[in-house]
Amino acid sequence: MKGKELFPIGGLPYFGGIRDAAPDAWGRRVIESKLKVPANSLPESEYLLHAGSDRIGALDVRAHRDDAPYPSVTGMHSLQHLIEAADRIEAGEPVPAHLEVIFQHGTALGGARPKATIRDDLGVLWLAKFDTKKDTFCVPAIEAATLQLAKECGMTVPEVHTVNIGERKVMIIRRFDRYFAAPGMDHTPEDLWQTRPGAGTVEKRLPFVSGLTLVGCDESLSPTKAYADLADAIGEHCHPKMIMSNRSELFALMVYNIFVSNDDDHLRNHGFICDPNLGDWRLSPLYDVMPRPGISHERQLHLGVGVSGRLATLDNALSSCGRFGLTNVAALKIIAQVWEKVREWRVYFEGYGVEEADITKVESAFRHLDEVSSAEFRKRL
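All residue numbers refer to positions counted from 1 along the written sequence of the respective chain. Two thresholds apply to this predicted model, a pLDDT of at least 70 for residue-level local features and 80 or more for giving and counting side-chain atom pairs, whereas whole-chain, interface and lining totals are computed over all residues. Working from all heavy atoms in the structure, the side-chain values ignore hydrogens and water.

J.: I tried to follow the layout of surface pockets on my own but got confused; where do I start?
T.: Only protein atoms enter the calculation, which uses a 1 Å grid: trapped sets of points that fit a 1.4 Å probe without letting it out are cavities, open sets showing protein on both sides within 12 Å along at least five of seven lines are pockets, and any residue with an atom within 4 Å of a point is a lining residue. Grid points are joined across faces, edges and corners, and a volume is the space filled by probe spheres set on the points. The space that makes up the second largest pocket amounts to roughly 280 Å³. Residue assignment for the lining of the second largest pocket shows that the elements contributing at least two residues are α1 (16–20), α7 (211–215) and α8 (227–237). Looking at the lining of the second largest pocket, its residues break down into eleven nonpolar, five polar and four charged. Think of it this way: any DSSP run of H or I at least four residues long counts as a helix, any run of E at least two long counts as a strand, and we number them from the N terminus. Note on residue classes: Ala, Val, Leu, Ile, Met, Phe, Trp, Tyr, Cys and Pro are nonpolar, Asp, Glu, Lys and Arg are charged, and everything else, Gly too, is polar.

J.: Would you explain the pairing of strand β5 (residues 168–174) in this entry?
T.: Looking along a regular strand, one sees side chains alternate from face to face of the sheet. Relative accessibility decides the category of a residue: with a 1.4 Å probe and only protein chains considered, values under 20% of the type maximum give buried, values over 50% give exposed, and everything between is partly exposed. With seven of seven residues buried, β5 lies mostly within the body of the structure. Because side chains alternate across β5, one face comprises the buried residues R168, V170, I172 and R174, and the other comprises K169, M171 and I173, equally buried. As paired strands, strand β3 (residues 125–129) and β5 are joined by four bridges and run antiparallel to one another. Counterpart to K129 in the pairing with β5 is M171. Here, strands pair whenever DSSP counts at least two bridges between them. Here strand β4 (residues 160–165) runs beside β5; their pairing, made up of six bridges, is antiparallel. Residue I165 lies in a different strand from β5, and its bridge partner there is R168. Taking the residues that link successive antiparallel strands as the turn, the β4-β5 hairpin has two residues, and the phi of G166 there is positive, at about 65°.

J.: Explanation requested: helix α4 (residues 79–90) in the structure shown.
T.: A turn of α-helix holds 3.6 residues, and therefore any two residues three or four places apart point the same way. The terminal C-alpha atoms of α4, which comprises twelve residues, lie 16 Å apart, in line with the 16 Å expected from a rise of 1.5 Å per residue. The positive-phi residue at the C-terminal boundary of α4 is G92, with phi of around 75°. Any helix carries an expected span of 1.5 Å times its number of residues minus one.

J.: What is the right way to read the sheet that holds strand β9 (residues 271–275) from this model?
T.: Sheet strands pair via backbone hydrogen bonds, and the direction of the pair is either parallel or antiparallel. Taken in spatial order, the three strands line up as β8-β9-β10 in an open sheet, and their pairing is antiparallel. Of all strands in the sheet, those bounded by a partner on one side alone are β8 (208–210) and β10 (280–283). Adjacent strand axes in the sheet meet at a mean angle of 30° when their direction is disregarded. As judged from the four bridges shared by β9 and β10, these two strands associate in the antiparallel manner. Axis lines are fitted through C-alpha atoms, for helices just across the contact stretch, and the angle between N-to-C directions can take any value from 0 to 180 degrees.

J.: Looking at this model, I keep getting lost on empty space enclosed by the protein. Mind explaining?
T.: Unoccupied space between atoms shows up once a probe the size of one water molecule is rolled over them. Evaluation of the coordinates by the stated rule reveals three cavities of 30 Å³ or more. Taken as a whole, the largest cavity holds about 100 Å³ of empty space. M155, E249, L253, N269, H270, G271, L283, S284, P285, L286 and Y287 together form the lining of the largest cavity. Tallied by class, the residues present in the lining of the largest cavity amount to six nonpolar, four polar and one charged. For the second largest cavity, the calculated volume is near 40 Å³. Lining the second largest cavity are L253, N257, N262, D264, D265, N269, H270, L286, Y287, D288 and V289. Looking at the lining of the second largest cavity residue by residue, the class counts come to four nonpolar, four polar and three charged.

J.: Where do I start with the nonpolar core in this structure?
T.: One broad rule of soluble globular proteins: the nonpolar side chains tend to lie buried together. We call a set of buried residues a nonpolar core when its members are Ala, Val, Leu, Ile, Met, Phe, Trp, Tyr or Cys and they connect through side-chain atoms within 4.5 Å of each other. Counting residues in each nonpolar core, the largest one holds 70 residues, and the members touching the most others are F251, Y256, F259, L314, V338, F349 and F366. Residue contributions to this core peak at eleven residues, all from helix α9 (residues 240–260). When sequence neighbours within four positions are dropped, the list of residues in contact with L314 reads V255, I258, F259, I335, L369, V372, S373 and F377. Note on definitions: a residue-residue contact is assigned when non-hydrogen atoms from the two residues lie within 4.5 Å.

J.: For this particular structure, what's the right way to read the packing of aromatic side chains?
T.: For any pair of aromatic rings, the description rests on two quantities: the centre-to-centre distance and the angle between the ring planes. We call Phe, Tyr and Trp rings a pair once their centres come within 6.5 Å, taking the six-membered ring for Trp, and we label the pair stacked below 30 degrees between planes, edge-to-face above 60, and tilted otherwise. The final tally for this structure, using the stated rule, is nine aromatic pairs. On the basis of an interplanar angle of 20° and a centroid distance of 5.2 Å, the ring pair of F259 and W339 is categorised as stacked. Highlighted residues: F259 in helix α9 and W339 in helix α11 (residues 328–342), separated in sequence by 80 residues. For F259, a relative accessible area of 0% gives the class buried. Of the aromatic side chains, those joined through ring pairs into one cluster are F176, F208 and Y287. Over the aromatic face of Y47 sits the side chain of R28, whose NZ or CZ is 4.4 Å from the ring centroid. Distance and angle both matter: a charge sits over a ring if NZ of Lys or CZ of Arg is within 6 Å of the ring centre and within 35 degrees of the ring normal.

J.: Please explain helix α2 (residues 25–35) as it appears in this structure.
T.: Listed in full, the buried residues belonging to α2 are W26, G27, R28, V30, I31, E32 and S33. Looking at the residues trailing α2, positive phi occurs at K36, about 55°.

Treat this as a map of the structure, not an account of what it does.
Put into structure tokens, the structure is as follows:
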């Protein structure tokens, strides 16, 4: 009997899970710099092969099945060299031999900004995200603070902090697709992200897919999709025990993005992991949330919010709450909980050590309740 042939859904050129295992914009630039080839000139197989074995999720790609894993991580001690190498790649300059550590450690993960995978002294895997010379404010400090504030609002966020490397600040966020457990033993969801290596434990990998893969569309179609499409995908693909809580958290994230003007909320910036305790998918911890300062009163997110499309208002968010399995009362409660924390964002950012100058530079990103809701809505809140 002949084997059954499988093809990507919707005529897509690649299976989504495999594309998620490939490097994205920054990782591709690193690989191209290493191989000294023009941008976007390599076949997808080459990008997959050069991404290293510490890519996100549980998949790995090697030239031969008997090849040993190709590690792509380094220690905290290499951060200075990684920053210098990232600066050169960002500027389109060649990377000298003593900085080639970036070629092994900066290719594994997605996103457009400079980054690298590192291990701390205990053996825990982290992602280091760097600033660039084009930034108008300290992006690592602002992104770390925005993630920490999201945690205050009740969302699931990996451990995140910043470190100073000379005069530069680096954001360090724990990789949520790895955890430690004894062979044959898995941890409960509550402590999965906090596990540490210990006697008799091994590092385990969690399968990961992006929201793009779960929704099942091409990247070019991401702007035509909505948070409600992600909520539908949660209902279709996630474990039944997680559907209600995951949809509620996704709704809270949509509201949070409205308040902080995060319009980089495309489908690749939403993720799902396969929980070993459930044997099924659930919403991943939060990542890649960045406020965008602006002067426009009317703002939009990347994904659709409600009946008024991508318009970033709370009225629009409430209009779609049914797709998240929420009543108006439940949705209003979530909105109130998020606003209770976000209204004090400046206090939180100061507590997280963000410089006053950077707070001033991003303050226009943070919207007041009155700016993103109608008077009628506020009477209901």
